Amino acid sequence: MKRLTTKEEEIMRIFWEHGPMFVRELLSFYDEPKPHYNTVSTLVRGLEEKGFVGYKAYGNTYQYYALISEKEYKSSALKEVVSQYYNNSYINVVSSFIEEEGMSVDELKALIEYIEQGKKKN
């Protein structure tokens, strides 16, 4: 799955949180100064070309909606980071959190417990 730019992710978050909408509706979620309609429209069409959004035509206008869930995107992005920076090893990821980010033993135990409970459910 392709990675999104910051501006594309911002638009996808709006779709994930609020559902299908027209470009004009997307603009209402931006703070002032709002981007130009054409700018947002171009970004949405780019997302459509990348396969992240679909649309339903209403005459000359289109209502866009997310084709990829937030969970799917995050999972794909995480896998890419683990592959690219941690040699496909989640052990290397956790080691990095412990060594560089100061992950505590209690946090590590909580993580292990979370994983074990997830495996019991499956």
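Attention in this report is confined to the structure presented alongside it. (Residues numbered from 1 in each chain as written. Predicted model: local features only at pLDDT ≥ 70, side-chain atom pairs only at ≥ 80, totals over all residues. Heavy atoms only, no water.)

## Focus on the packing of aromatic side chains
Link 1 in the chain: Under the definition given, this model contains 6 aromatic pairs.
Link 2 in the chain: Centre to centre, the rings of Phe-52 and Tyr-73 are 5.9 Å apart; their planes meet at 75°, and the pair counts as edge-to-face. Within this pair, whereas Phe-52 is found in the loop between α3 (37-50) and β2 (53-58), its partner Tyr-73 is found in helix α4 (residues 70-86), the two being separated by 21 residues in sequence. Tyr-73 matches Phe-52 in its accessibility class, with the two residues each being buried.
Link 3 in the chain: Here the aromatic rings of Tyr-55 and Tyr-62 are separated by 4.8 Å at their centres, their planes lie at 80°, and the arrangement is edge-to-face.
Link 4 in the chain: Taken together, the ring pairs connect Trp-16, Phe-52 and Tyr-73 into an aromatic cluster. (Phe/Tyr/Trp six-rings, centres within 6.5 Å; stacked < 30°, edge-to-face > 60°. Helix = DSSP H or I, 4+ residues; strand = E, 2+ residues; numbered from the N terminus. Buried < 20%, exposed > 50% of the residue type's maximum accessible area, 1.4 Å probe, protein only.)

## Observations concerning α4
Link 1 in the chain: The terminal C-alpha atoms of α4, which comprises 17 residues, lie 23 Å apart, in line with the 24 Å expected from a rise of 1.5 Å per residue.
Link 2 in the chain: Of all the residues in α4, the buried ones are Tyr-73, Ser-76, Ala-77 and Val-82.
Link 3 in the chain: Taken together, the buried residues of α4 touch α1 (6-18) and α5 (90-101). (Expected span 1.5 Å × (residues − 1). Contact = heavy atoms within 4.5 Å.)

## Examining unusual backbone geometry
Link 1 in the chain: In this chain, Glu-32 is followed by Pro-33 through a cis amide linkage whose omega measures -5°.
Link 2 in the chain: When you line up the elements, Pro-33 lands in the loop between α2 (23-27) and α3.
Link 3 in the chain: Here the phi dihedral of Asn-87 falls at roughly 55°; this positive angle occurs in a residue that is not glycine.
Link 4 in the chain: Position of Asn-87 among the secondary structure elements: in the loop between α4 and α5.
Link 5 in the chain: With a relative accessible area of 67%, Asn-87 lands in the exposed category.

## Considerations on the environment of Asp-31
Link 1 in the chain: Note on placement: Asp-31 falls in the loop between α2 and α3.
Link 2 in the chain: In this structure, the C-alpha to C-alpha distance between Asp-31 and Ser-104, residues 73 residues apart in sequence, is 38 Å.

Structural measurements only, silent on function.
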